[in-house]
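The residues making up each chain are set out below.
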Amino acid sequence: MSAEQQHRDGQAADPGPRSLAQALRERDDASLGALLRSRPDLLHPVPTDVTQLATRAGTRASVLRALEHLDRFALQAAEALAVAPDPASYQELLDLLAGDDGDEEVAGALPATVALLRERALVWGGEDRLRLVRTARELLAPSASHSSPTGLGPSVAEATSGMSPGRIQAILTAAGLPHTHDAVSAVAALSALFADRARVAELLEGAPEASREVLGRLVWGPPYGQVTAEPAAHLRWLLDRGLLLPTTPGTVVLPREAALSLRGGRAHRVPEPTRPQVAVAAERKPQVVDAAAGGQALAALDTVEELLRSWDEGGPAVLRAGGLSIRDLKRTATVLEVPEPVAAFWVELAYAAGLIASDGGYVEEHHDRPDADAEGYEDEETRDARTRRRSGEAEHYAPTPEYDAWRDLPPADRWAWLLEAWLPGTRTPGLIGGRDGRDRTLSALGPGLDRSPAPEVRRRVLELMAELEPGQAPDPATLLERLRWERPLRSAGPRREQPEPPRAGVRPAYGGGAAANDPEALRTKLTEWALLEAEMLGVTGRGALASHGRALLGTEGRSEGAGAGAPAAGSARATVVAALLAPLLPEPLDHVLLQADLTAVAPGPLVRPLAEALGVLADVESKGGATVYRFTPGSVRRALDAGRTATELHAFLDRHSRTPVPQPLTYLIDDVARRHGLLRVGAASSYVRCDDESVLDEILADRRATALRLRRLAPTVVAAQADPRTLIEGLRAMGFAPAAESAEGDVMIARPHAHRTPPRTPPAPVPDGPPAPDATLLTAAVRAVRAGDRAATAPRKDTPEAPGGLPRTSPADTLATVQAAAMTGESVWIGHVNAEGAASQRLLAPLRVEGGYVTGYDHTADEVRTYALHRITGVAELAEEADGAEPAR
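Here the residue numbering is sequential within each chain, running from 1 through the sequence in written order. It should be noted that, the model being predicted, local features are given only for residues of pLDDT at least 70 and side-chain atom pairs only at 80 or more, the latter also being counted only at that level, while totals for whole chains, interfaces and linings use all residues. Just so you know, side-chain values use all the structure's heavy atoms and leave hydrogens and water out.

## Notes on helix H13 (residues 197-204)
Then, number 1: Within the sequence span of H13, burial applies to Val200, Leu203 and Leu204. Buried positions in H13, seen along its axis, are confined to an arc of 95 degrees and lie on one side of it. With respect to the buried face of H13, the exposed residues turned more than 90 degrees away are Ala198 and Glu202.
Then, number 2: Pairs of residues are marked as contacts when any of their non-hydrogen atoms sit within 4.5 Å. Strands here mean DSSP runs of E at least two residues long; helices mean DSSP runs of H or I at least four residues long; both are numbered from the N terminus. Those residues of H13 hidden inside the fold are in contact with helix H12 (183-195), helix H14 (209-218), helix H15 (233-240) and helix H16 (256-263). Here's how the labels work: a residue is buried when its accessible area is under 20% of the maximum for its type, exposed when over 50%, partly exposed in between, all with a 1.4 Å probe on protein chains only. The arc in question is the one spanned by the directions pointing from the helix axis to the C-beta atoms.

Below, the structure written as structure tokens:
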């Protein structure tokens, strides 16, 4: 027996419920919970009863969201129901999807699809009376402006609704049908003709070839065409026989019944009942994949650290409209040695992780600090930010205090911190450089980059990769086709042709921003960007999902109590991922290899103190598996300016080098140190002091010193009309190595000043609708809906009513009735007005009446409540037929 026959046999012959509310009321609690789980927008707020739930499930916004979360075949079934008679039988729906020739795959998949549509309250009714929710029919059915997503147009009855009876009779005559007495029977006869495949074929046997060509172009949609006031003969032939019906002046349409006959009964050209399989593009050893992903994860950490290090003393200025300027993004890309779109990704990732932020803007008062006064606590950096805003000084991006905490974590925990920001993030760096709806350029760290579908696409890409065997890399084209099948609809209008998927083996470039305002192209781009970002972060290696990448999907994310800035400590997922990644990362080294060409080779990642000290003493020449540092006079002078002495530098190199310190490096340090501080610069505007008069003579004789406007005050002192910083830079450009001098005559040590923003909260993702409810919320919501529905449908005896339909009785009758109900255990209707003046009806089972209050089980709220008697407008007893059906307390 076929699945479709089993489905028909398993259904009752009764016509089913008369409304969506009745259909929902007949469901069990598990089915009602499944509806609320699949459509969480129905839960906010929790409906008071089943009627309100059904009303909310039929609103345009909710139905559109539900349609957007259907797979392609479920959407095709809904589209077929939208063009079928209302109501339609299961067999009619099957015929529209499978066609006259039948389709075993469609017949096998349709029962589960109809059950899915029922579960999501998009379809209701008995087996012979399937009804699509009215709002969904309006969204998917053809209209005067556009066709159905199936490519079908209006029916004969809809297209001829404004046509004169004489014209309809003329069409019947041309089509070879007898005259009728009224327009209704004429339309019915024409509809029956077009619905008969054999009669349509017979009619078209005498059609001109050009007429058949026109029908061939319209049959799969769009079914509308343009005609002139004097149409050609082949068009006139179609118009005379009703195969083309006028809709508006100059526009004609192929009626739905005729199109279905020409299609062989199919509503869709290609039904897609089975989900596409993700093909394997390459297969590698899992150990190779993990090793490649681990190396890329380490490179990702190095890139983020380099970005934050370059902004440590204060980063680029914030644009007036928010975000990073193009020039600053180019500078950042040069520092990171990556293309600009990739640099934008790293900047956005650090921002999403809470590691960088603007140092200005509004900062909330911290009243919970132990030393807060009555005015609220405000630290030094906050006051500095406020002062800059008042003075009009530009705001800058800078690392946040969380950066210091992140930097002190082990490498695996730092990586997990970044992943906790990447996976649920809605900011989309790939859009940077594109244009928004107002034709403004989208900039890094600027507004307008949030795209709600991004986390869903990102997670689904990883889930599909996890379904493959370890080491298998998916084919991007089939992966994209699978995602399109799962989420085909992203707008209310008819679907456009999908963008061309990437060819196997072709990796698209990151960024571009071309999909900023196109929902369908955006989803394609989000898939491509997810693959590229996962590779850059080390979630995947050589195109396949790594073992620590699989762990991202196997555990829960950030716990409820975790702080926004500490994902590694507050997330079970981060802990598991970090434990899996840690063995793949090399241990930091505490040594380098010094070479005779004034370079040092770090054969791996260095411990942070060594890396920071070496970064001051030498310049990074190249990166990769090993980092090469080069010692120059400028880099050595930088270390001396930071307060290190030549002796300390020699000891540092000797302690951390596995090779002997080369003699050229020793000479370089001694030579720079000997000249360092020989000249002293102070403020006169500024001055130069030197014990060696010949050096000052040399400076004064140099033409390059003209711009400094030097004047000799004494044999060992020269004054300048330039500030100390300009004077120092000018003397260094002339080949000298001056040192700054304090007012007391001591050498000033110039250490870098790390600039931090006030405490900042990372940007919150913009969700795509309400979050999925947990089991506790679902159980409570179902109980509340059931209780409210029992209360709303329980009949009551006739009683006088106050305005608003509330029962009305005297205070003495109210007290006597609730006391009697408390003694007998019966339930009663009460009218209640709360302190805000809001009136409501409650179905109450009184338990205790004392002190001017009545306490009882409120069936409407499904809980025990206490009401003041003076706020009860009146009491009404339940009707006798409801007594036996009263819900248990």
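## Details of the packing of aromatic side chains
Then, number 1: Only Phe, Tyr and Trp rings are paired, with Trp represented by its six-membered ring, and only when their centres lie within 6.5 Å; those with planes under 30 degrees apart are stacked, over 60 edge-to-face, the remainder tilted. Tallied over the entire structure, the rule returns three aromatic pairs.
Then, number 2: Throughout this description, the term charge over a ring refers to an Arg CZ or Lys NZ atom that lies within 6 Å of the ring centre and within 35 degrees of the ring normal. Residue placement shows arginine 414 over the ring face of tryptophan 406; its charged tip is 5.6 Å from the ring centre.

## Describing the sheet that holds strand E13 (residues 599-602)
In a beta sheet, neighbouring strands are held together by backbone hydrogen bonds and run either parallel or antiparallel to one another.
Then, number 1: In this analysis, strands are considered paired if DSSP registers two or more bridges between them. Taken together, four strands build an open sheet; the order of strands is E12-E13-E15-E14 and the sheet is antiparallel. The open sheet has two edge strands, strand E12 (593-595) and strand E14 (619-622), and neither has a second partner. Averaged over all pairs of adjacent strands, the angle between their axes in this sheet comes to 30 degrees, without regard to strand direction.
Then, number 2: Here E13 runs beside strand E15 (residues 627-630); their pairing, made up of four bridges, is antiparallel. Bridge pairing in E15 links threonine 599 to arginine 630. Here the axes come from fitting lines to C-alpha atoms, over the contacting stretch only for helices, and the angles between their N-to-C directions go from 0 to 180 degrees.

## Describing the packing of H13 against H16
Then, number 1: Look at H13 against H16: their axes get within 9 Å of each other, and the N-to-C directions meet at 90 degrees. By the angle between their axes, H13 is roughly perpendicular relative to H16. Taking contact as the criterion, the partners of Arg197, Val200 and Leu204 in H13 are, on H16, Leu260, Ser261 and Leu262.
Then, number 2: Throughout this entry, Asp, Glu, Lys and Arg are counted as charged residues, while Ala, Val, Leu, Ile, Met, Phe, Trp, Tyr, Cys and Pro are counted as nonpolar. The remaining residues, Gly among them, count as polar. Looking at the contact of H13 with H16 residue by residue, the classes come out as four nonpolar, one polar and one charged. Geometric relationships in this document are graded by angle, where less than 35 degrees denotes roughly parallel, more than 145 denotes roughly antiparallel, 65 to 115 denotes roughly perpendicular, and other angles denote oblique.

## Focus on the environment of valine 695
Then, number 1: For valine 695, the position within the fold is in helix H33 (residues 693-701).
Then, number 2: The class for valine 695 is buried, based on a relative accessible area of 11%.
Then, number 3: With 21 residues separating them in the primary sequence, valine 695 and threonine 716 have C-alpha atoms 9.3 Å apart.
Then, number 4: In contact with valine 695, not counting residues within four places along its chain, are Leu678, Leu679, Cys690 and Phe736.

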